[in-house]
Amino acid sequence: MHTLTIPTPIELAFEPINLCNARCFCCPYTYLEKDKEYRGKRMSEEQVRTIIGQFADGIKEHGINPDHTVVKPWRYSDPLVNPHMELVFELCEKHGLKINFTTNAVSFGEAKCKLIQKYIHTINKINISIIGFNKQEIREWMDIDWDVTRARLKMIRDKYPAISKMMIIGVKHKIQRPTKEHYTPIVNELQTLTLGKVKKKADWLESRVEWNGLRTDDVEFPISENQFVKGCAMVNGKILRTLEVLVDGQAVLCCDDATGKTNFGNVFDIGIKGVWKNVSEYHKQIFNIVYTESKKNMMCNTCSRARFEWSEERTKMIYDEHKKYV
């Protein structure tokens, strides 16, 4: 089997604070925030410095082009409510790292726009998530006011055009394959509110979703020598390049692990090097097309993106894609 994982992660997704100003029906935050010990828990300034510093050290050690890196200072939070947002920008500027973030745009006030404008050279892209095709649906499925979002986008378009041009607004709906009649009105309106791109998204709901029966807490697929996970269909081998870290520093497998079902160690104890070594061993289990007993207890067994049919050729394609980063 090919050595799948690159020697250090080139994408870092971490939760600096467990807090969001929306409650999207498809996001784990919607139920996690009901736990008083979860909501509002945050990393310290020292911890933010540590995790980004270690990530940058790995990039430098292995001679990886910083332009290929991605720092995502959010998992289920809204990155605009991060109290250490400016620190993240400063550290990424210092180390030449690139930032991606996804937001519902509610907190895109003047102060945040000025901060983003100051560090815009560090940003790779800004994703805006809209779930629903009208004010009522957006309120029901995101618990936000569409009038506020619309006003924020208009203000940014008019006063901060450089930020507006970087936006990629994704419009989604519970209907997985909506017709043009459904999505055309809001897409047309959004195109007047941004200098960036507007995309209608289809077939986007995956394993974290509760409403369509894919919530994995009580679902199991029978695993046997003839039926077991052999690969992962997450975008472009995402799990092979991305380190996901909870607010307390625990490293988990991917963005579908909201509650720490997997545990590869703590970055504040054994460092990114240590946890990445552990994650890499799990990657081998996922992509092993030969049955082993370890296949029985994988988190992937209940994931809609797991693939039960996979070939060595497909593994090699991912391997070849990732070699360019090393």
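Residues numbered from 1 in each chain as written. Predicted model: local features only at pLDDT ≥ 70, side-chain atom pairs only at ≥ 80, totals over all residues. Heavy atoms only, no water.

A.B. asks: What should I look at first to understand the overall build of the protein chain in this one?
C.D. replies: Looking only at helices and strands, one finds ten helices and ten strands in the protein chain. Its C-alpha atoms give the protein chain a radius of gyration of 20 Å, near enough to 20 Å, the size a compact globule of 326 residues would have. Over its C-alpha atoms, taken along the principal directions, the protein chain stretches across nearly 55 × 45 × 40 Å. Out of the 326 residues in the protein chain, the part that is buried amounts to 53%. (Helix = DSSP H or I, 4+ residues; strand = E, 2+ residues; numbered from the N terminus. Rg over C-alpha atoms; globule rule 2.2 N^0.38 Å. Buried < 20%, exposed > 50% of the residue type's maximum accessible area, 1.4 Å probe, protein only.)

A.B. asks: Help me out: how do you make sense of the side chain of Gln250 in this one?
C.D. replies: Residue position: Gln250 is located in the loop between β8 (242–245) and β9 (251–252). Judged by its relative accessible area of 13%, Gln250 falls in the buried class. Residues contacting Gln250, with those up to four places away along its chain left out, are Glu244, Val245, Gly260, Thr262, Asn263, Gly265 and Asn266. (Contact = heavy atoms within 4.5 Å.)

A.B. asks: Looking at this structure, I do not really get empty space enclosed by the protein. What am I missing?
C.D. replies: Empty space left among the atoms is revealed by rolling a probe the size of a water molecule over them. Following the criterion strictly, the structure yields two cavities of 30 Å³ or more and no others. Computed from the structure, the largest cavity encloses a volume of approximately 100 Å³. Residue composition of the lining of the largest cavity, grouped by class: ten nonpolar, no polar and two charged. Put simply, the second largest cavity is a space of about 70 Å³. The wall of the second largest cavity is formed by Pro73, Pro79, Asn82, Met85, Val88, Phe89, Ile99 and Phe101. (1 Å grid on protein atoms, 1.4 Å probe; cavity = no way out; pocket = protein on both sides within 12 Å on 5 of 7 lines; lining within 4 Å. Points joined across faces, edges and corners; volume = space filled by probe spheres on them. Nonpolar A, V, L, I, M, F, W, Y, C, P; charged D, E, K, R; others polar.)

A.B. asks: Would you explain helix α9 (residues 267–287) in this entry?
C.D. replies: Because an α-helix completes one turn every 3.6 residues, residues spaced three or four positions apart along the sequence face the same direction. For α9, with 21 residues, the first-to-last C-alpha span of 24 Å runs short of the 30 Å given by 1.5 Å per residue. Approximately 65 degrees is the largest bend angle found in α9, and it occurs at Lys273. Listed as buried for α9 are Val267, Gly271, Ile272, Gly274, Val275, Trp276, Val279, Ser280, Tyr282, His283, Ile286 and Phe287. Sitting at the amino-terminal end of α9 is Asn266, which places a side-chain oxygen 2.7 Å from the backbone nitrogen of Phe268. (Expected span 1.5 Å × (residues − 1). Bend = angle between axes of the 7 residues up to and from the residue. Polar contact = N/O pair within 3.5 Å; in protein donor to acceptor, adjacent residues only side chain to side chain.)

A.B. asks: What is the right way to read unusual backbone geometry from this model?
C.D. replies: Phi is mostly negative for residues that are not glycine, and the peptide bonds are mostly trans. Unlike most non-glycine residues, Ala105 shows phi in positive territory, near 80 degrees. In this structure, Ala105 sits in the loop between β3 (99–103) and α4 (110–118). The class of Ala105 is buried, set by a relative accessible area of 0%.

A.B. asks: What is the right way to look at the packing of aromatic side chains in this model?
C.D. replies: Aromatic ring pairs are described here by two measures, namely the spacing of the ring centres and the angle between the planes. If you walk through the whole model with that rule in mind, you get seven aromatic pairs. Relative to Trp141, the ring of Phe25 lies with its centre 6.3 Å away and its plane at 55 degrees, an arrangement referred to as tilted. Within this pair, whereas Phe25 is found in the loop between β1 (11–14) and α1 (29–32), its partner Trp141 is found in helix α5 (residues 135–142), the two being separated by 116 residues in sequence. In this pair, the class of Phe25 matches that of Trp141, namely buried. On the basis of an interplanar angle of 55 degrees and a centroid distance of 6.3 Å, the ring pair of Tyr29 and Tyr38 is categorised as tilted. Tyr38 matches Tyr29 in its accessibility class, with the two residues each being buried. (Phe/Tyr/Trp six-rings, centres within 6.5 Å; stacked < 30°, edge-to-face > 60°.)

A.B. asks: Help me understand the packing of helix α2 (residues 45–61) against α9, please; the structure alone is not making it clear to me.
C.D. replies: The angle between the axes and the distance between the axes are what describe a pair of packed helices. Contact geometry of α2 with α9 gives a least axis separation of 9 Å together with a crossing angle of 20 degrees. One finds that α2 runs roughly parallel with respect to α9. The chirality of how α2 crosses α9 is right-handed. In this structure, α2 contributes Gln47, Thr50, Ile51, Gln54, Phe55 and Glu61 to the contact, and α9 contributes Val267, Phe268, Gly271, Ile272 and Lys273. Counted by class, the contact of α2 with α9 contains five nonpolar, four polar and two charged residues. (Axes fitted to C-alpha atoms, helices over the stretch in contact; angles between N-to-C directions. Parallel < 35°, antiparallel > 145°, perpendicular 65-115°, else oblique. Left-handed = near helix turned anticlockwise from the far one by under 90°.)

A.B. asks: What exactly am I supposed to notice about the side chain of Gln176 here?
C.D. replies: Counting through the fold element by element, Gln176 comes out in the loop between β5 (167–172) and α8 (180–193). Among the polar contacts made by the side chain of Gln176, one reaches the main-chain amide nitrogen of Trp204 at a distance of 3.0 Å. With residues up to four places along the chain from it excluded, the contact list for Gln176 reads Ala202, Asp203, Trp204 and Leu205.

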